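Summary of structural features
Each chain, written out:
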Amino acid sequence: QLLGLVLSLGGAGWIIVRGEPAHLLALGTPGDLWVLAAALTWAIYSAWLRRRPAGLEPLQFLLALVLFGWPVLLPFYLLEHAGGRVMTPDLPTLLLVLYVGVFASILAYVAWNHGVGRVGANRAGVFMHLMPVFSTLLAIALLGERLQLYHAVGIVLIGSGVALAARRPPAPEA
């Protein structure tokens, strides 16, 4: 599992730095730090899932998180709005908000919670490394990005690592 974690994390990192480790020096912008903070809080969330009270349904748990998180995020939204960065109320924006609200939020949380409940946070966590793979594939399909060698290397590393980490250990012989 550790080898799988290292391989998949290395593959994700390889894609992030575009195959140039020197790009690590360019990281550290506020956006990068927010992404790191989000990854850390997601890891904590995943580890604490097993401590969710038994009678609390997953959607109730999600509602509690939303009710807690909304006031935390509101000042940042207001700051963005005050800076003139306002969403345009048009059909593409509405569809995007609807997609994020339903698929990337509710359904993704339900699926993740179910997966963590079945295999545990340690084994499920490595699947987060698939995000750069899907981001790459979507960028190629939707944005016309070209597949580069660093994409291919990262995807192979991530796939190999996830496959290794997700394997069940062999049953002990009796």
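Reading the values: rules and limits
Residues numbered from 1 in each chain as written. Predicted model: local features only at pLDDT ≥ 70, side-chain atom pairs only at ≥ 80, totals over all residues. Heavy atoms only, no water. Helix = DSSP H or I, 4+ residues; strand = E, 2+ residues; numbered from the N terminus. Expected span 1.5 Å × (residues − 1). Buried < 20%, exposed > 50% of the residue type's maximum accessible area, 1.4 Å probe, protein only. Arc of directions from axis to C-beta. Contact = heavy atoms within 4.5 Å.

This part covers helix H1 (residues 2-16). Every α-helix carries 3.6 residues per turn, so stepping three or four residues along brings you back to the same face. Between the first and last C-alpha of H1 there are 21 Å, a value that for 15 residues agrees with the 21 Å anticipated at 1.5 Å per step. Residues of H1 that are buried: Gly-4, Ser-8, Gly-11, Ala-12 and Ile-15. Take H1 and look down its axis: the buried residues cluster within an arc of 95 degrees, on one side only. H1 presents Leu-2, Leu-3, Val-6 and Ile-16 as exposed residues on the side facing more than 90 degrees away from its buried surface. Packed against the buried residues of H1 are helix H6 (131-143) and helix H7 (149-166). Just past H1, the residue Arg-18 takes up positive phi, approximately 55 degrees.

Attention now moves to the environment of Ala-12. Position of Ala-12 among the secondary structure elements: in helix H1. Taking the C-alpha atoms as reference, Ala-12 lies 16 Å from Ala-43; in sequence the two are 31 residues apart. In contact with Ala-12, other than residues within four places in its own chain, are His-129, Pro-132 and Ile-158.

A few words now on helix H3 (residues 58-82). Taking 1.5 Å as the rise per residue, H3 with 25 residues should run 36 Å; its terminal C-alpha atoms sit 35 Å apart, in good agreement. For H3, the set of buried residues is Phe-61, Leu-62 and Gly-69. Looking one or two residues past H3, Gly-84 carries a phi angle of roughly 90 degrees, positive in sign.

Of note, Gly-125 is situated in helix H5 (residues 121-125). Between the C-alpha atom of Gly-125 and that of Ala-47, which follows or precedes it by 78 residues, the distance is 9.1 Å.

Its identity is not glycine, yet Arg-18 carries a phi of approximately 55 degrees, on the positive side. Inspection of the secondary structure puts Arg-18 in the loop between H1 and helix H2 (30-48). Among the residues examined, Arg-18 registers a relative accessible area of 55% and is labelled exposed.

In short, shape yes, function no, at least from these values alone.
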